[in-house]
Amino acid sequence: MDVQAQMAGTVFRILVEAGQTVNAGEDVVILESMKMEIPHSTPVGGIVREIYVQEGDFIDEGQKLVRIEAQP
Amino acid sequence: MNKVLIANRGEIARRIIRTARAMGLKTVAVYSEADQDLPFVEEADEAIALGGKRPLESYLKQDKILDVARRTGADAVHPGYGFLSENAAFAQAVRQAGLTFIGPEPKLVAMMGDKAVARSVAEAHGVPVVPGTEGLPDVSAARIEARALGYPVMLKAKAGGGGIGMQRIDDEAMLEKSFAQAENRARAAFGDGTLYLEKALVRARHVEVQIAADRGGEVVHLFERDCSLQRRHQKVVEESPAPELPLRLREKIWEAAVRLARGVSYTNVGTIEFLVEPEKETFYFLEMNTRLQVEHGITELVTGEDLVAWQFLISMGEPLPKKQFELYAKGAAAEFRIYAEDPVTFYPSPGTLQTYEVPHGEGVRVDDGYRAGNVVSPFYDPLLGKLMVHAPDRAALLTRARDALSAYRIEGVKTNIPLLLKVLDDPRFIEGAVHTEFFTQPM
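Residues numbered from 1 in each chain as written. Chains lettered and ligands numbered in written order. Predicted model: local features only at pLDDT ≥ 70, side-chain atom pairs only at ≥ 80, totals over all residues. Heavy atoms only, no water.

(A) Expanded view of the overall build of chain A. Per the secondary structure count, chain A includes zero helices and eight strands. Helices and strands appear in chain A in the N-to-C order β-β-β-β-β-β-β-β. The dimensions of chain A, computed from C-alpha atoms along their principal axes, are 35 × 20 × 20 Å. The burial tally for chain A puts 39% of its 72 residues in the buried class. If you take every contact in chain A between residues at least 6 apart in sequence, the share linking residues at least 24 apart comes to 56%. Within the structure as shown, chain A displays about 3,700 Å² of accessible surface, and the carbon and sulfur contribution to it stands at 42%. Side chains of chain A give 5 positive and 12 negative charges; the mean places of these two sets differ by 2 Å. (Helix = DSSP H or I, 4+ residues; strand = E, 2+ residues; numbered from the N terminus. Buried < 20%, exposed > 50% of the residue type's maximum accessible area, 1.4 Å probe, protein only. Contact = heavy atoms within 4.5 Å. Areas by Shrake-Rupley, 256 points an atom, 1.4 Å probe, with all protein chains shown as cover. Lys, Arg positive; Asp, Glu negative; His and termini not counted. Charge placed at Lys NZ, Arg CZ, Asp CG, Glu CD.)

(B) Quick peek at the pattern of salt bridges. Residues and elements named next belong to chain B. The tally for this structure, following the rule as stated, stands at 45 salt bridges over all chains. Among the salt bridges present, the one from Arg 250 reaches Glu 224, with a minimum N-O distance of 2.7 Å. Residue Arg 250 is located in helix H9 (residues 247-263), and its partner Glu 224 is located in strand E10 (residues 219-231); the two are separated by 26 residues in the primary sequence. Judged by its relative accessible area of 15%, Arg 250 is buried. When salt bridges that share partners are traced, they join Glu 208, Arg 225, Lys 235, Glu 238, Glu 273, Glu 295, Glu 335 and Arg 337 into one network. (Salt bridge = Lys/Arg side-chain N within 4 Å of Asp/Glu carboxyl O.)

(C) View of the pairing of strand E5 (residues 36-41) of chain A. All names here are of chain A. Only one face of E5 is covered, namely the one carrying Met 36, Ile 38 and His 40; the face carrying Glu 37, Pro 39 and Ser 41 has none of its residues buried. Here strand E4 (residues 27-33) pairs with E5 via six bridges, running antiparallel. Directly across from Val 29, in E5, lies its bridge partner His 40. (Pairing = 2+ DSSP bridges.)

(D) Main features of the UniProt feature "domain: Lipoyl-binding" (unreviewed entry) in chain A. Under the feature "domain: Lipoyl-binding" (unreviewed entry), the UniProt entry names residues 1-69 of chain A. As annotated, residues 1-69 of chain A comprises 0% helix and 55% strand, and the C-alpha atoms at either end are separated by 6 Å. (UniProt positions renumbered as here; feature names shortened; annotations may be inferred.)

(E) Seen up close, the pairing of strand E6 (residues 46-51) of chain A. All names here are of chain A. With two bridges connecting them, strand E3 (residues 21-22) and E6 associate as antiparallel partners. Looking across to E6, one finds that Val 22 is bridged to Gly 46. Pairing analysis gives five bridges linking E6 to strand E8 (residues 64-70), with the strands arranged antiparallel. Its bridge partner being in E8, Ile 51 is matched across the sheet by Val 66.

(F) A look at the interface of chain A and chain B. Counting from both sides, the interface comprises 15 residues of chain A and, opposite them, 17 residues of chain B. Counting each side, the surface lost to burial between chain A and chain B is near 1,300 Å², with a carbon and sulfur contribution of 65%. Sorting the residues of chain A by area buried against chain B places Met 34, Lys 35 and Met 36 of chain A first, and these three jointly supply 49% of that buried surface. Summed over the shared surface of chain A and chain B, the number is one salt bridge. (Buried area = accessible area lost by both parts, 1.4 Å probe.)

(G) Local environment of the packing of helix H3 (residues 62-72) of chain B against helix H4 (residues 88-96) of chain B. All names here are of chain B. It is the contact of H3 with H4, at a shortest axis distance of 11 Å, that shows an interaxial angle of 25 degrees. When the interaxial angle is binned, H3 and H4 end up roughly parallel. The hand of the H3/H4 crossing is right-handed. Across the interface between the two elements, Gln 62, Ile 65 and Leu 66 of H3 pack against Ala 89, Phe 90, Ala 93 and Val 94 of H4. Across the contact of H3 with H4, the residue classes tally to six nonpolar, one polar and no charged. (Axes fitted to C-alpha atoms, helices over the stretch in contact; angles between N-to-C directions. Parallel < 35°, antiparallel > 145°, perpendicular 65-115°, else oblique. Left-handed = near helix turned anticlockwise from the far one by under 90°. Nonpolar A, V, L, I, M, F, W, Y, C, P; charged D, E, K, R; others polar.)

(H) Molecular detail of the packing of helix H1 (residues 10-22) of chain B against helix H11 (residues 307-315) of chain B. Residue and element names in this part refer to chain B. The contact between H1 and H11 brings their axes to 9 Å, and the two run at 65 degrees. For the element pair H1 and H11, the recorded crossing hand is right-handed. Residues Arg 15, Ile 16, Thr 19 and Ala 20 of H1 pack against Leu 307, Val 308, Ala 309 and Phe 312 of H11. When its residues are assigned to classes, the contact of H1 with H11 shows six nonpolar, one polar and one charged.

What follows is the structure, given as structure tokens:
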């Protein structure tokens, strides 16, 4: 599944690396929008398969940030 | 002074243009790529593009802004609030370029910008400060100091301000967990990772005093504003006068503010913020803002004075327009900050303003930065505008505010107006029983 941006903004920090295992609820990316830092977490646990963005990128609402391959 | 460059954007740029024009001053706006369609750009006599979208590429580019001032022949720079308004190096650079900085002496901007220095200066002038520490070398020092102060404590960045870089710490485990992270954040945000602790006051009120001082050493206060209604240390509603605060306590706070401003030989307008414990009738210095405040308008409504005009006159070397005994506060005023944010999740809500209609009427003032069709970009703070309401008394004020808030029509971005209407219906707010933890308790 893809973690998507909840609002337009800038990628402030990427907290994970490709290949890494993450737990459900873990923050993966922090976006910055309107002077606020908005952590984005993964709803599922699994392996980070792809990171679509780089720190400093401007992104639109709904844009894909990180793909997680869910692990049971 | 003939021509002023406004190193800011949105509603405050428009606000400054309005007074500058009334005083016969020409205005130069500077704007980022993201702001080219906003009203302030066309309302200024001249507007020069800075390029860029993010603040660092635009409104924080000191060299570029000074270059625009030179090219356009501006002889003064008004920094507004935020951005470069409390940057001592910029204030100094403006002066070195032979221009007038609309604000205090750069050394005062620097003094009050260092929160630890500001605390000790306040103490030296007999103004009480919240019990707290100096800059802390490490977490173990913080642990010892926090035990001595007693939890809860506030962990703050020495170079911080405006609520950024501070958090409440409830116990030792939280301190251990938060310290290193707070240090890193402070270093990243302000270039200085030094932290200090203050005792956290519970259910305190945030009360600030508007002061003004001229170059002749005359200092007055223009009464107080209560800014207790905050979320994440960002103000949401402000009032003047502070509701349900005894006059004798208000007088003591005004007097302390004037004493501090006089003691440091302050010039221009400024705001001294205090935390107040109304039951104990105690108050503590929090910080001084060496600039025009976002919520200056409610002071203008109750006093009938134009604080931006005061700023220009003081900077021209003129005496204050009024003496203390000539200043009166009439009725009650409140400001409601209209933010582009989700009223439930509080997430920012950038977007295009498909519909944008604001209230009008007696005792209603709207200072805003946008019009229908404008894009509210994610690059700057979410403030769309400020609804200010003035009435003969607080009860009439609340009625007028409810009508005005209900008259807004905004589509295309979410706003906090539903939250503001809930505030107006909240018994605690109606009674004036406000404090800084208002939004952390159920409404």
